[in-house]
Amino acid sequence: MHHNNSIRIIAGNSHPELAQAVAERLNVHLVPCTVSKFSNGETSVKISESVREEDVFIIQSGCGDVNDNFMELLILISACKTASARRITAVIPCFPYARQDKKDKSRAPITAKLVANMLVVAGADHVITMDLHASQIQGFFDIPVDNLWSEPHMITYIKRHIPGWQDGIIVSPDAGGAKRVTAMADKLGVEFALIHRKRKGKSLSAPEAMEILVGDVKDKVAILVDDMIDTGRTLTLAAKTLHERGAKSVHALISHGLLSETNMSLIDELPIERLVVTNTIPQTQHQELCKKLVTIDVSPTIAESIRRTHNGESISLLFGEWAESSGTMMI
């Protein structure tokens, strides 16, 4: 028998390794759950233990087959709702459709808002995510949203594993990441730089040029920081630009390593020392193809956020000293 309102963790199929790591840190077992598909592609869910009056956390990241995994998450939430769970928290380390957060052209959808609506309608009471592409996505929800940061883990990594970081410079590969790099530069007590992306011609098909708009990287340790890498084109252009501008060495720290269209063998050829990503997305396959890829384990932060949420404690400590003092594990 389980005590009423205990922590119950359900793992979706997108990232079972992360869910298992979180469960082990909390010293709880994963709720037995079978997710399969009918012959026509419909998702079928069977939760094998009672979750009545329990505090349920469903861990499902927005990766792999994003649409299938998101639909799986919605069905899991709905299944727990109809099974009388007391509270249902969707733990989404990498939020799907986060890049579609605004209407940037005519007739463009704000799909991140649609995703928020679907989660609420399915029955989610709370959402925990990490490093949202745009922080205003929190405002798309009418339920509490905790947006965890990987920044403390990255700061710890920089201090422990990047030689000469004291003479470094934090670089954003685009204007959108300016706030992120300035905050990190302030905490490390170093300078920051910004790379401005500019087309060589007026045509949309014209090749892009990259130029540093703010900051001097000559003879400095350049640390590229971004929230997401998908195709790898931005990283490639930025790394080459920094190398050409005289950076002593280049390191790339990126929260979500989607790497869906990235030729991993080409990463090894780039003028960077390491490409550091978190394990909000599975990286085992990518690590086998790229020697420079390093993965930081964020399961301690996610597990602690779950524990604090369950106990009604503040999670603001996870944004600073706690995460740094807890150390950064690499896998």
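Residues numbered from 1 in each chain as written. Predicted model: local features only at pLDDT ≥ 70, side-chain atom pairs only at ≥ 80, totals over all residues. Heavy atoms only, no water.

(A) How the structure looks around the UniProt feature "domain: Ribose-phosphate pyrophosphokinase N-terminal" (unreviewed entry) in the protein. Feature annotation in UniProt places "domain: Ribose-phosphate pyrophosphokinase N-terminal" (unreviewed entry) on residues 7-123, given in this structure's numbering. Helix makes up 34% of residues 7-123 and strand 22%, with an end-to-end C-alpha separation of 18 Å. (UniProt positions renumbered as here; feature names shortened; annotations may be inferred. Helix = DSSP H or I, 4+ residues; strand = E, 2+ residues; numbered from the N terminus.)

(B) Spotlight on the layout of surface pockets. Its volume calculated, the largest pocket comes out at about 1200 Å³. Lining the largest pocket are 43 residues, with H133, G177, R180, D226 and D227 positioned closest to its centre. Counting only elements with at least two residues in the lining of the largest pocket, the list comes to β7 (145-148), α4 (151-161), α5 (178-188), β11 (221-229), α6 (233-244) and β12 (249-257). Sorting elements by how many residues they give to the lining of the largest pocket places β11 first, with six residues. (1 Å grid on protein atoms, 1.4 Å probe; cavity = no way out; pocket = protein on both sides within 12 Å on 5 of 7 lines; lining within 4 Å. Points joined across faces, edges and corners; volume = space filled by probe spheres on them.)

(C) Spotlight on the domain arrangement of the protein. Looking at the protein, the domain boundaries give domain 1 (7-148 + 299-318) and domain 2 (151-199 + 207-296). When each unit is reduced to the centre of its C-alpha atoms, the spacing between domain 1 and domain 2 is 28 Å. The junction of domain 1 with domain 2 conceals about 1200 Å² of combined surface from both sides, 54% of it contributed by carbon and sulfur atoms. For D230, the salt bridge is made with R99, and the minimal N-O distance between the two is 3.2 Å. When grouped by side-chain class, the residues that make up the side of domain 1 that touches domain 2 number six nonpolar, seven polar and two charged. (Domains from an automatic or database assignment. Buried area = accessible area lost by both parts, 1.4 Å probe. Salt bridge = Lys/Arg side-chain N within 4 Å of Asp/Glu carboxyl O. Nonpolar A, V, L, I, M, F, W, Y, C, P; charged D, E, K, R; others polar.)

(D) The nonpolar core, seen in detail. The biggest cluster of nonpolar side chains holds 32 residues, and the ones touching the most others in it are I58, I77, F95, L119, I137 and F141. Here this core takes six residues from helix α2 (residues 66-82), the largest share from any one element. In terms of nonpolar packing, the next biggest core, distinct from the first, is built from 25 residues, I195, A239, M264 and L275 among them. (Core = buried A, V, L, I, M, F, W, Y, C linked by side-chain atoms within 4.5 Å. Buried < 20%, exposed > 50% of the residue type's maximum accessible area, 1.4 Å probe, protein only.)

(E) Up close: empty space enclosed by the protein. A full pass over the atoms with the stated rule returns one cavity of 30 Å³ or more. Computed from the structure, the largest cavity encloses a volume of approximately 40 Å³. In terms of lining residues, the largest cavity is bounded by Q60, S61, G62, V66, N69, F70, L73, I92 and P96. Here the lining of the largest cavity gets four residues from one element, more than from any other, and that element is α2. Looking at the lining of the largest cavity residue by residue, the class counts come to five nonpolar, four polar and no charged.

(F) Layout of unusual backbone geometry. Although it is not a glycine, E53 sits at a positive phi angle of roughly 60 degrees. Of note, E53 is situated in the loop between β3 (43-47) and β4 (55-59). A relative accessible area of 34% places E53 in the partly exposed class. A positive phi angle is found at L259, which is not glycine, with a value near 50 degrees. Looking at the secondary structure, you find L259 in the loop between β12 and α7 (264-267).

(G) Highlighting the pattern of salt bridges. Counted by the stated rule, this structure contains 16 salt bridges. Residue E191 is joined to K220 by a salt bridge in which the shortest nitrogen-to-oxygen separation is 2.6 Å. With E191 in strand β9 (residues 191-199) and K220 in the loop between β10 (208-214) and β11, this pair connects stretches of sequence that are 29 residues apart. Residue class for E191 comes out partly exposed when judged on its relative accessible area of 44%. Take K220: its relative accessible area is 16%, and that puts it in the buried class. Connected via shared salt-bridge partners are E304, R307, R308 and E313.

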